[in-house]
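Per-entry structural report
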Amino acid sequence: MKYIKSISASLVLAGALAVSSCDPSDFGNINDTPNNPTQSYTYMLFKSACTSLPTYIMSSSSYDPWAQEWSGYLAEAKNNQYGGLITTMEYASGGIYTGPIRTLTEIIKSNTDEATKGDPAVTMFGTNNNQIAACVTLRSFYYMTISDILGPIVYSEALQSGEENWAPKYDSQKDVYAGLEKELNEAYALFDEKSNLTSDDLIFKGNIARWKKFNATLRMMMAIKLSDVAPADGKARFAKAYADGGMETADDSFTWTYHTGSNAPFYSIGNMGYASRSNYFAPNKIFVDALKEYKDPRLFTYCNVGDNAYMGKVAGDPHDFNTYKGVPHGLASNGDVDIAIVGACSTAAKYCEPTPTYGLITAARCLLVEAEAAQRGWIDAKPAELYAKGIQASFDFEAKSDDAWAKEFKNAKDYIAAHPLPQDNDAALKEIAMQRFLAGFLTDGIEAWSDWRRLNVPTMVMYPGQSNTGKTTYPYRLTFASNDYSVNRDNTNAAAADLQGGKGDDKWSRVWWDVAENPCPKAE
């Protein structure tokens, strides 16, 4: 397996040069600091590498949760700073490279270097192969997500400044996906279920069987995005990953639990308190209206009304779909926004705790991606069965919540019967994607946004504050960061020139697998 080299100096290799005891420069251990280890503990590094994961649910370090807004889940409730869609928005990926990607690469090096792979600071976290496989898998998730946001990214020449490569090239998304496919398959083969990692694994608590399912799920998520641009490759890659086995039940899901003081998204923003964050963002009208149209009981566990609603007191039966009202995203003025939130529902209390658990990639998404592959004829499976399993997994995931209402729809049988998979192929693909949308509230917003870019589901409506800008659709990507141009201008310019759509480094250019524009209707 090819491992990308790191510039990090954080890993101090054990073992010093032996010197003669009569050497006058030998001061013994007088300069040793007993409180500082000579070898980095890989379990501590892995914990650090996990802490960037929740930014892909909803950026907790920024006011604007753009991926949740651009996929139809949230809307600004009291302002209209970002609803117009034209505010310059770049994606500064540098912190992901110098943070989790570099850290995971250091762990891989520690587990492959003969000088360190047997060190107790390394092996106490688990076997070398299981650590390598888990780190490659998680690193691939980061690389995939950055590429889905930007398109071309620095990949094959990443983290090489230590070799004096200060201007790394960008790889096309096609090549990034091919490289990640190879790395993930090699990592999958390294996993050994005879032993686990320790509970310092913040994702799967060391469970290697779950890591293997996550690895296969990632490969399926990438493969399905090739349906329009490289269907033959997508089919072959998907079939291999499906045979290896992805997430099957709610308990397999890739989740994140915030710890005390970690600034959980709806608990606080800028330390303004519990209710304040909820007041800034509310469930999007597109999402709430879809749940109401489907008579979907998940509405009652996603959203709050009545005495628990932070948007104000909302009269009506909390079990009545008509009681719920979402907020339009992108009204023309703050006054319009203020009017729009009157009587609006808010995010459910379970999201607003100081230590909530959010889904990131759930089994429901995996199963519904498999349903799409089956519908396309990529795998030997019945689409309707996988569709039903995906919906059931979503209901099960919500039923795991402490929300008392979630217990009321543990079995999705009646709901599935009311919403059977259509016989028409195109309608079936849209319905599968719609169920991914309905199951994905406050999970990985980038994946939901990717579904909209690829399949135009859900239909995103342009409100006055958006349509009066001259734009006819939502953004398809973020732009490269200004610092990318400052330190690597020629390569960044070359990457921008290769984007689809002919607009260069623009939010309305498109990544490799996104082949068609999605015009959005104006709100009536």
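Bear in mind the structure is a predicted one, so any value in this text is a computation, not a measurement. (Residues numbered from 1 in each chain as written. Predicted model: local features only at pLDDT ≥ 70, side-chain atom pairs only at ≥ 80, totals over all residues. Heavy atoms only, no water.)

A word on the overall build of the chain
- Summing up its helical and strand segments, the chain has 19 helices and 8 strands in all.
- Every one of the 524 residues in the chain was classed for burial, and the buried ones make up 57%.
- The contacts of the chain with a sequence gap of at least 6 include a subset with a gap of at least 24, amounting to 76%.
- Only carbon and sulfur atoms are counted for the fraction: they give 51% of the accessible area of the chain, which is about 21,100 Å². (Helix = DSSP H or I, 4+ residues; strand = E, 2+ residues; numbered from the N terminus. Buried < 20%, exposed > 50% of the residue type's maximum accessible area, 1.4 Å probe, protein only. Contact = heavy atoms within 4.5 Å. Areas by Shrake-Rupley, 256 points an atom, 1.4 Å probe, with all protein chains shown as cover.)

Quick look at the environment of Asn 263
- Summarising the element assignment, Asn 263 is placed in the loop between β3 (254-257) and α9 (274-280).
- Among the residues examined, Asn 263 registers a relative accessible area of 28% and is labelled partly exposed.
- Separated by 91 residues in the primary sequence, Asn 263 and Pro 354 place their C-alpha atoms 7.4 Å from one another.

Observations regarding the packing of helix α1 (residues 42-50) against helix α3 (residues 94-112)
- Interaxial distance between α1 and α3 falls to 8 Å at its minimum, and their mutual angle equals 155°. The orientation of α1 with respect to α3, classified from their angle, is roughly antiparallel. In this structure, α1 meets α3 at a crossing whose hand is left-handed. Seen from α1, the contacting residues are Thr 42, Leu 45, Phe 46 and Ala 49; seen from α3, they are Pro 100, Thr 103, Leu 104, Ile 107, Ser 110 and Asn 111.
- Of the residues belonging to the contact of α1 with α3, the class tally is 6 nonpolar, 4 polar and no charged. (Axes fitted to C-alpha atoms, helices over the stretch in contact; angles between N-to-C directions. Parallel < 35°, antiparallel > 145°, perpendicular 65-115°, else oblique. Left-handed = near helix turned anticlockwise from the far one by under 90°. Nonpolar A, V, L, I, M, F, W, Y, C, P; charged D, E, K, R; others polar.)

Digging into the side chain of Arg 454
- Along the polypeptide, Arg 454 turns up in helix α17 (residues 445-455).
- Here the side chain of Arg 454 touches Ser 227 through a polar contact of 3.2 Å, side chain to side chain.
- Contact partners of Arg 454, with chain neighbours within four places excluded, come to Ile 224, Lys 225, Ser 227, Asp 228, Glu 372, Arg 376, Arg 436 and Trp 513. (Polar contact = N/O pair within 3.5 Å; in protein donor to acceptor, adjacent residues only side chain to side chain.)

Observations regarding the nonpolar core
- In terms of nonpolar packing, the biggest core is built from 151 residues, with Leu 53, Phe 141, Trp 211 and Phe 254 touching the most fellow members.
- It is helix α5 (residues 128-150) that provides the largest number of residues to this core, a total of 13 residues.
- Residue contacts for Phe 254: discarding those within four places in its chain leaves Leu 53, Phe 141, Ile 203, Phe 204, Phe 214, Met 247, Gly 359, Leu 360 and Ile 361. (Core = buried A, V, L, I, M, F, W, Y, C linked by side-chain atoms within 4.5 Å.)

Considering a nonpolar patch on the surface
- Taken together, Tyr 41, Met 44 and Met 124 make up a surface patch of nonpolar side chains, about 290 Å² in accessible area.
- Residue Tyr 41 is classed as partly exposed on the basis of its relative accessible area, which comes to 30%. (Patch = residues over 30% accessible without salt bridge, like charges linked within 9 Å, V, L, I, M, F, W, Y side chains within 5 Å. Salt bridge = Lys/Arg side-chain N within 4 Å of Asp/Glu carboxyl O.)

Description of unusual backbone geometry
- Backbone torsion omega between Val 457 and Pro 458 reads 0°, so that peptide bond is classified as cis.
- Its identity as a non-glycine residue notwithstanding, Leu 159 has a phi of 60°, on the positive side.
- Take Leu 159: its relative accessible area is 12%, and that puts it in the buried class.
- Unlike most non-glycine residues, Lys 295 shows phi in positive territory, near 50°.
- Inspection of the secondary structure puts Lys 295 in the loop between α10 (285-293) and α11 (299-302).

Things to note about the side chain of Ser 509
- Turning to its location among the elements, Ser 509 is positioned in the segment after α19 (482-497).
- Taking the relative accessible area as the measure of exposure, Ser 509 reaches 0% and is therefore buried.

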